[in-house]
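# Structural features, examined
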Amino acid sequence: MRALVISGGGAKGAYAGGVAEYLIKEQGLQYDLFGGSSTGALLAPMLAAGEIDRAREVYTNVGQHDIFSSHPFIIKKQKGIYKTRINHFGVIKMFMRGKKTFGETHALRQLIKRTFTEEHYNRVKDTPQRVVVAVSNFSCNVVEHKYLADCSYDDFIDWIWISANFIPFMSLVVKDGQEYADGGFGNFIPIVEAIDAGATEIDVIILTPRRKKIKKLPSANAFSLLMNALDFMLSQIARDEKYIGLLESMHHDIKIRYFHTPRVLTDNSLIFDPEQMRLWWEEGKAFAKKQVEESMPSTF
């Protein structure tokens, strides 16, 4: 069984889309399982449905208003550099409404439903392909993996949306009486789930550089400090999951091929700039081609 697993990474999912396009369209690889967390959960169902072109169209045209129904921060671009700060007025309004997060993403759920339609869902369900997304259950303090085949269309749309909700900036969702959020908080790269599902060859797209020490600028304000803290946490989770996956693969004689980003794409993956994401998509496609053609010894 061959699987494609995609990590979390917000807007950097555009890079993952480019890698996936190369592997599926140009390499002609056929996957039996598609798994993802956060932005990976957004991509996985579309790739399983054969809608790579539609995924590229969405990822390279989406803006902040397509994601946030209530914006948690204000973004300014000066000389190609993004500067962000908390949207204090918006946050106050959220708290006055009794909300627990700085922003809301009902617009994202609507986008998911427009992009991954019921026809796409039925198309995937009628095939042997499996699609799984990771979500974090905060009420029970566990990670859950939701398979398309086990869910109704509307429920699976909810799980995709939930997996991509990076709190405290995005919606905290109550479903079945429990609080859920971004799958990346507990399972940034669902490699082990793919192994447990029976995968013997796994391509893993990880939206962070490989073995590179990242020098960050000092935190400018409380917002950037919080982003840096969350980014540090997710980076450690990703590293641990990668090595757990490697140990599992050696024990079970499973081939794993990793596709990392060649550089740090952004310091804030919640900035959705269509122009930037178009460049990332093409960069991912080109870098995957280069990695495959060079047959890097460290790939497997």
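Below is a short write-up of the structure. Every value quoted in this text rests on a predicted model; they were computed, and no experiment measured them. (Residues numbered from 1 in each chain as written. Predicted model: local features only at pLDDT ≥ 70, side-chain atom pairs only at ≥ 80, totals over all residues. Heavy atoms only, no water.)

## Here we look at the environment of L265
- Within the fold, L265 resides in the loop between β10 (255-261) and α11 (274-294).
- L265 sits in the buried class, given a relative accessible area of 10%.
- Considered as a pair, L265 and M277 are twelve residues apart in the sequence and their alpha carbons are 9.9 Å apart.
- With near-sequence residues (within four places) excluded, L265 lies in contact with K12, Y15, W280 and E283. (Helix = DSSP H or I, 4+ residues; strand = E, 2+ residues; numbered from the N terminus. Buried < 20%, exposed > 50% of the residue type's maximum accessible area, 1.4 Å probe, protein only. Contact = heavy atoms within 4.5 Å.)

## Re the packing of helix α1 (residues 13-26) against helix α2 (residues 39-48)
- Between α1 and α2, whose axes approach to 10 Å, the crossing angle comes to 30°. Our classification of the angle between α1 and α2 gives roughly parallel. Considering the relative orientation of α1 and α2, their crossing is right-handed. Where α1 approaches α2, its residues G13, A16, G17, A20 and I24 are matched on the opposing element by T39, L43 and L47.
- Its residues assigned to classes, the contact of α1 with α2 comprises five nonpolar, three polar and no charged. (Axes fitted to C-alpha atoms, helices over the stretch in contact; angles between N-to-C directions. Parallel < 35°, antiparallel > 145°, perpendicular 65-115°, else oblique. Left-handed = near helix turned anticlockwise from the far one by under 90°. Nonpolar A, V, L, I, M, F, W, Y, C, P; charged D, E, K, R; others polar.)

## Things to note about the environment of T261
- Considering the arrangement of structural elements, one finds T261 in strand β10.
- Taking relative accessible area as the criterion, T261 reaches 3% and is therefore assigned buried.
- Considering only alpha carbons, one finds T261 and Y15, 246 residues apart in sequence, at a separation of 7.9 Å.
- The residues touching T261, leaving out its near neighbours within four places in the chain, are Y15, I206, L207, T208, P209 and R210.
- Only 2.9 Å separates the side chain of T261 from the backbone oxygen of R263, close enough to count as a polar contact. (Polar contact = N/O pair within 3.5 Å; in protein donor to acceptor, adjacent residues only side chain to side chain.)

## Describing unusual backbone geometry
- The peptide bond linking I167 to P168 adopts the cis configuration, its omega dihedral lying at 10°.
- With respect to the element layout, P168 can be found in the loop between α8 (153-163) and β7 (173-175).
- Although it is not a glycine, N141 sits at a positive phi angle of roughly 60°.
- Residue position: N141 is located in the loop between β5 (130-137) and β6 (142-147).
- Exposure remark for N141: the relative accessible area of 71% places this residue in the exposed category.
- Here the phi dihedral of D176 falls at roughly 55°; this positive angle occurs in a residue that is not glycine.
- Among the secondary structure elements, D176 is positioned in the loop between β7 and β8 (178-182).

## Some remarks on the nonpolar core
- By size, the foremost hydrophobic cluster in this structure holds 67 residues, and its most contacted members are L4, L23, L47, F116 and I205.
- Examining the composition of this core, we find that eight residues originate from one element, α1, more than from any other.
- In this structure, V5, I189, I195 and V204 belong to the second largest nonpolar core, which totals 18 residues. (Core = buried A, V, L, I, M, F, W, Y, C linked by side-chain atoms within 4.5 Å.)

## Side note on the packing of aromatic side chains
- Following the criterion strictly, the structure yields eleven aromatic pairs and no others.
- With 4.9 Å between their ring centres and 75° between their planes, W159 and Y180 make a pair best called edge-to-face. With a gap of 21 residues between them, W159 in helix α8 and Y180 in strand β8 connect regions that are remote in the sequence. Pair check on accessibility: W159 and Y180 agree, each one buried.
- An angle of 25° between the planes, with centres 6.2 Å apart, marks the rings of F166 and F169 as stacked. Of the two residues, F166 and F169, both sit in the buried class.
- The structure contains a cluster of three or more aromatic residues connected by ring pairs, namely F68, F73, F95, F102, F138, F166, F169 and F185. (Phe/Tyr/Trp six-rings, centres within 6.5 Å; stacked < 30°, edge-to-face > 60°.)

## Examining α11
- In this model α11 runs 30 Å from its N-terminal to its C-terminal C-alpha over 21 residues, within 8% of the 30 Å that 1.5 Å per residue would give.
- Where α11 is concerned, the buried positions are Q276, M277, W280, W281, E283, G284, A288, Q291 and V292.
- Buried residues in α11 make contact with α1, α3 (52-59), β4 (81-86) and β10.
- Where α11 begins, the side chain of D273 points an oxygen toward the backbone nitrogen of E275, at a separation of 3.0 Å. (Expected span 1.5 Å × (residues − 1).)

Functional significance is not addressed by these values, which are geometric in nature.
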